[in-house]
Amino acid sequence: MAIATASAVPTSVLKPKNSITVIDNRTGKSIDIEITNNSIPATAFSQLKAPYADGERPENDTQYGLRILDPSFINTAMIQSEITYIDGNKGFLMHRGYPIDQLAEKSSYLETAYLLIYGELPSKSQLDLWSWEIMHHTFVADDLQQMIRQMRYDSHPMSVFISAFSAMSAFAPEANPALQGSDLYITNKPLMNKQIVRILGKATTVAAMAYRIRINRPFTPPRSDLSYTENLLYMMDHMAEPNSYRPDPRLAKALDILFVLHADHEMNCSTSTMVHVGSSLVDPYSCVAAASAALYGPLHGGANEAVIRMLAKIGSVENVPDFLERVKQKKELLFGFGHRVYRETDPRSKVIREVAEMVFEVCGREPLIEVAIALKDAALKDEYFTSRKLFPNVDYWSGLIYKAMGFPLDFFPVLFVVPRLAGYLAHWKQQLDSGKNKISRPRQVYVGKGRRDYIPVEAREERPITDKNGLNAIPHYISKRRLTKI
Ligand code: CMC
């Protein structure tokens, strides 16, 4: 870890090249901070303390040290990681050193999951054992199945998925640090590995169940003789066919490639949630539920669903210019475009475009593809998008593939989260194996009211209930009947 040293006045002596010098102009104090791997520790700045200036709010805590403010983590690294690297300016992504296009072409989802979690490509016997273990941890407890069955037929499948993982925590008391001791996963690595295969194994079963309740069909028991994605398609689609029924191998392969592409993407919103929640040492099922909830939102894994809704609303190629105009006026978002890290085309979207053609050959060409291509071409020629370096991301094309394959729209984020569990688990394991886990606890900069004394309700000034100041949320949720009563 980089070390910061403080001196009373900035000196002109030669500083170590790999360092920065920060001068606090409030006090004249300077600190040298060592740069390690092109990063500096934010804690170094807490040495920069200053007395309160005239009129300064005490809540600014100046005497306790300078804070680093970075809402939405625009330029703050949360961890040091050995798992995934993205060069956003070149549109490059690799896992454990292997470029994503090589993994998409040559690997499989389960092999990539092993690579992410354990750091190396497995040997043949390791891969066989790993796949066997995962495919033999696919059963879901009967009570849990009944709980899932109770959910409404029109529940969003992500709500079902999140609820099922949250409940799974209750079905595995032996895996719960709250019951077994907080250092459970620090000391018991076999138990950690067991939860990893259980989570990966059960994910497809829960996903298929979330689909089956919506079509009012009984759950299909998993089959361990099928591949990971074949088994998912089988559990979703099997009806009265003979037991020898297998999903179309071309579609299972296409889905497997999509799973490789979605397996990890370093500190995205949901994986950073996994690390954040995991840092409290809660059980991994609860961590997965929390991370999956983060993925569900339309700015993250829900974007693939939002892209199709957007394309359907545009309807046809001639409506593209009007839609883009609305985007430029900030009345609409162009879903499937833009990324916090990529300033070039997302390398996954290039591979996905090829997978799309593979799937269209089997399922027929998805009619919205023409709108998608026209929209992408127009956006890439438009100064609004080029100047902001907005390019198609992974979600732009994936939804079209899922739609062509016949998945319902709201199932798309499930097809994102199931493979992303590999990345969640790799980061969870890395954090707990590092020997450096500390609870994630960001600081804040308080800009609210200063200290004041409590006023009893009788002594407070009367305010109308629909007052726009302070209580302005109330009219939105108090029913008319309740308002009349008041
Ligand atoms: N459509 C229109 N304008 C956009 C878009 C978009 N999709 N994305 C960014 N911008 C504009 C944004 O309004 C801002 O403009 P200005 O400088 O005038 O204020 C500028 O580009 C910079 O954008 P930002 O919002 O500061 O970028 P961000 O890093 O905070 O957000 C993002 C990244 C992915 C949330 C955003 O690009 C977005 O909302 N995209 C659409 C949703 C989407 O496709 N999400 C999937 C992300 S990839 C899969 C995943 O990992 O989840």
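Let us look at the structure shown here. Please read all numbers here as calculations on a predicted model, not as lab measurements.

Here we come to the sheet that holds strand β4 (residues 84–87). Here we have three strands laid out as an open sheet, ordered β4-β5-β6, and antiparallel in their pairing. The sheet terminates laterally at β4 and β6 (98–99), the two strands that pair on one side only.

Turning to the side chain of threonine 273, a few remarks are in order. One can find threonine 273 in helix α11 (residues 269–278). Overall, threonine 273 belongs to the buried group, its relative accessible area being 19%. Discounting chain neighbours no more than four positions away, the residues touching threonine 273 are Gly278, Ala290, Ala291 and Ala294.

Position of leucine 233 among the secondary structure elements: in helix α9 (residues 228–237). Between the C-alpha atom of leucine 233 and that of arginine 246, which follows or precedes it by 13 residues, the distance is 8.7 Å. Beyond its immediate sequence surroundings of up to four residues, leucine 233 is in contact with His238, Pro247, Leu251, Ala252, Leu255 and Phe407.

Surrounding the ligand, one finds 20 residues, the nearest of these being His300, Lys330, Leu334, Gly336 and Arg340. Within the side chain of histidine 300, one N or O atom sits 2.5 Å away from an oxygen atom of the ligand. In this structure, arginine 340 approaches the ligand through a side-chain N or O atom, which is 2.7 Å from an oxygen atom. When the free accessible area of the ligand is taken as 930 Å², the share hidden by the protein chains comes to 72%. Within the shell around the ligand, the residues separate by chemical class into ten nonpolar, six polar and four charged.

Before going further, it helps to examine the environment of serine 19. Mapped onto the secondary structure, serine 19 falls in strand β2 (residues 19–24). The class of serine 19 is buried, set by a relative accessible area of 15%. For the pair serine 19 and threonine 36, spaced 17 residues apart in sequence, the C-alpha to C-alpha distance is 8.5 Å. Setting aside anything within four residues of it in sequence, one finds serine 19 in contact with Ile33, Glu34 and Ile35.

What follows deals with unusual backbone geometry. The phi dihedral of asparagine 37 falls on the positive side, at around 50°, and the residue is not glycine. Among the structural elements, asparagine 37 can be located in the loop between β3 (29–34) and β4. Judged by relative accessible area, asparagine 37 falls into the exposed class, the value being 67%.

The next point concerns the pairing of strand β5 (residues 92–95). Where burial is concerned, the two faces of β5 differ: the one with Leu93 and His95 is buried and the one with Phe92 and Met94 is not. Where β4 meets β5, four bridges bridge the pair, whose relative direction is antiparallel. By the bridge assignment, isoleucine 86 is partnered in β5 with leucine 93. Between the end of β4 and the start of β5, which pair antiparallel, lie four residues, with glycine 91 showing a positive phi angle near 65°. As defined by bridge partners, β5 adjoins β6 across two bridges and the pair is classed as antiparallel. Residue histidine 95 lies in a different strand from β6, and its bridge partner there is tyrosine 98. In textbook terms, the turn of a hairpin is the stretch between consecutive antiparallel strands, and for β5 and β6 this stretch comprises two residues, one of which, arginine 96, has a positive phi near 50°.

Turning to a nonpolar patch on the surface, a few remarks are in order. A surface patch of nonpolar side chains, amounting to about 320 Å² of accessible area, comprises Leu69, Val445 and Val447. Following the sequence through the fold, leucine 69 ends up in the loop between β3 and β4. Look at leucine 69 and you get exposed, because its relative accessible area is 62%.

Within the element layout of this structure, serine 272 appears in helix α11. Classification of serine 272 by relative accessible area gives buried; the value is 16%. Beyond its immediate stretch of four places on either side in the chain, serine 272 contacts Met78 and Met267.

Relative to each other, helix α3 (residues 124–135) and helix α8 (residues 189–214) sit at 60°, their axes nearing to 7 Å. Residues Trp130, Glu133 and Ile134 of α3 form the contact with α8, whose participating residues are Ile196, Val197, Leu200 and Gly201. For the contact of α3 with α8, the per-class residue count stands at five nonpolar, one polar and one charged.

Conventions adopted
Throughout, a residue's number is its position along its own chain's written sequence, starting from 1. Reporting of local features is limited, given that this is a predicted model, to residues whose pLDDT is at least 70; pairs of side-chain atoms are given and counted only at 80 or more, and all residues count toward the totals for whole chains, interfaces and linings. Calculation of side-chain values draws on the structure's entire complement of heavy atoms; hydrogens and water are dropped beforehand. Pairing between strands is defined by DSSP: at least two bridges between the two strands are required. For helices the rule is a DSSP run of H or I covering at least 4 residues; for strands it is a run of E covering at least 2, with both sets numbered from the N terminus onward. Summary of the burial criterion: residues with accessible area below 20% of their type's maximum are buried, those above 50% are exposed, and those between are partly exposed, where the area comes from a 1.4 Å probe applied to protein chains only. When checking whether two residues touch, look at their non-hydrogen atoms; a contact exists if any pair is within 4.5 Å. Any residue with at least one heavy atom within 4 Å of a molecule or strand is counted as near it. We define a polar contact as two N or O atoms separated by no more than 3.5 Å, with the added condition that, inside protein, one atom must be a possible hydrogen donor and the other a possible acceptor, whereas residues neighbouring each other in sequence contribute only through side-chain atom pairs. Per-residue and other accessible areas follow the Shrake-Rupley method at a 1.4 Å probe size, with only the shown protein chains counted as cover for residues. Amino acids are sorted into nonpolar (Ala, Val, Leu, Ile, Met, Phe, Trp, Tyr, Cys and Pro), charged (Asp, Glu, Lys and Arg) and polar (every other residue, Gly among them). Think of a patch as exposed residues, more than 30% relative accessible area, with no salt bridge, where like charges cluster within 9 Å and nonpolar side chains (Val, Leu, Ile, Met, Phe, Trp, Tyr) cluster within 5 Å. The salt bridge definition used is simple: a Lys or Arg side-chain nitrogen within 4 Å of an Asp or Glu carboxyl oxygen. Whenever a helix is involved, its axis is fitted only over the stretch in contact; in every case the axis is a line through C-alpha atoms, and angles between N-to-C directions fall within 0 to 180 degrees.

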